[in-house]
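Letter by letter, the chains look like this.
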Amino acid sequence: MANELRGQSIGLYLNGDLLVAVACQPTPRHGVKIAARASAVLPRGAVTTLSADPLALGQAIRKVVRQLGVRATEASVALPVASDSLRALRLPDVPMVERRTLVRGELEELNVLPLGGGAFDFLWTPLPPEGGRRQAEVVAYVLQDSQVDSLREALRVGGLQLSTIEPANLAALRAYRQGAPRQAEAILHVAENHADLSLLDGEKVRLLRRIPAGWAELKRRLDTVAGTERESREMPAETPGGIAPDIFVPPPLDPTA
């Protein structure tokens, strides 16, 4: 396998305390197939939606690359983006070649990105014409230079170069759309502190909305429910007179009464 994938790019997915790596190969029928995959648990605090510890993350990357058994030189990274790094925009529906320039200009105007700096990705959804105007709903994801630099350094420690960075949910949507046309579906991408709900018509994304709750909130609620159920099992039943005995035996009926 190492010979087959020599010099290839691998994909890395970062989410909280988990690192997942995949190596893919092109196929004539299905576009690509997963040739190898590996995962590693990251040290607490190694990766957040705002920063990364290059040394800790780099060592984990080196470990999963060894597990893959490939000689990769580059990596494409998918990671969750913090809620304050997402912007919803309403822009004129321009041709595809003009969209990236238009989105960057808007983000720089809003001081979300520095002039000529940072990194961003976006989802462009045309809206029905209204009053002769054609507009689009744009969801833009932003990374600052410091975030990009820390990821680049972590990959260097892991023996790789950075190829691309993508928001995890957009990476999943693009992978989903690589296959054959499908029926209308909804995709829910859950991260640590949020979830992104996408509605697709079988080919294109028609709607994307962020829900301000993720795995952390789900775990908190499950722990609360489990704790409540445990307390209800352990707590003895109470009566107006105090604590009820474990077994209550009613007195026999008096037939002469």
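Keep in mind that what you see is a predicted model, and the values were worked out from it rather than measured.

The rules behind each value
Residues numbered from 1 in each chain as written. Predicted model: local features only at pLDDT ≥ 70, side-chain atom pairs only at ≥ 80, totals over all residues. Heavy atoms only, no water. Helix = DSSP H or I, 4+ residues; strand = E, 2+ residues; numbered from the N terminus. Core = buried A, V, L, I, M, F, W, Y, C linked by side-chain atoms within 4.5 Å. Buried < 20%, exposed > 50% of the residue type's maximum accessible area, 1.4 Å probe, protein only. Contact = heavy atoms within 4.5 Å. Pairing = 2+ DSSP bridges. Axes fitted to C-alpha atoms, helices over the stretch in contact; angles between N-to-C directions.

## Observations regarding unusual backbone geometry
Phi is mostly negative for residues that are not glycine, and the peptide bonds are mostly trans.
So, step 1. With phi around 60°, Asn111 is a residue other than glycine that occupies positive phi space.
So, step 2. Here Asn111 shows up in the loop between helix 2 (96-109) and strand 6 (119-126).

## Some remarks on the nonpolar core
So, step 1. Counting residues in each nonpolar core, the largest one holds 28 residues, and the members touching the most others are Ile10, Leu12, Leu19, Ile61, Leu155 and Leu160.
So, step 2. For this core, the secondary-structure elements that each account for two or more residues are strand 1 (9-15), strand 2 (18-27), strand 3 (31-41), helix 1 (54-68), strand 4 (74-79) and helix 3 (145-157).
So, step 3. No other element matches helix 1, which puts six residues into this core.
So, step 4. Leave out the neighbours within four places in its chain, and Leu155 touches Leu12, Ile61, Ala75, Val77, Leu160, Gln161 and Leu162.
So, step 5. Among the nonpolar cores identified, the runner-up in size contains 14 residues, and Val94, Val103, Leu113 and Ala140 belong to it.

## Here we look at the pairing of strand 11 (residues 205-211)
So, step 1. Across six bridges, the pairing between strand 10 (residues 195-200) and strand 11 is antiparallel. Paired with Ser198 across the strands is Leu208, a residue of strand 11.
So, step 2. Counted between consecutive antiparallel strands, the loop separating strand 10 from strand 11 contains four residues, among which Gly202 sits at a positive phi close to 110°.

## Here's the deal with the sheet that holds strand 6
So, step 1. Spatially, the three strands line up as an open sheet ordered 5-7-6, and their pairing is antiparallel. Bordering the open sheet on either side are strand 5 (86-92) and strand 6, each of which pairs with just one other strand. Neighbouring strand axes in the sheet, compared pairwise and without regard to direction, differ in orientation by 25° on average.
So, step 2. As judged from the eight bridges shared by strand 6 and strand 7 (residues 135-143), these two strands associate in the antiparallel manner. Note on strand 7: the bridge partner recorded for Leu123 is Val139.
So, step 3. Across the sheet, helix 2 touches strand 5, strand 6 and strand 7, and the angle it forms with strand 6 is around 115°.
So, step 4. Those strands touched by helix 4 (residues 168-176) are strand 6 and strand 7, and its axis lies near 50° from that of strand 6.

## A few points about the side chain of His189
So, step 1. Mapped onto the elements, His189 comes out in strand 9 (residues 185-190).
So, step 2. Since its relative accessible area comes to 16%, His189 is described here as buried.
So, step 3. Filtering out sequence-adjacent residues up to four positions away, His189 remains in contact with Tyr13, Ala168, Asn169, His194, Ala195 and Asp196.

That is the geometry; function is a separate question.
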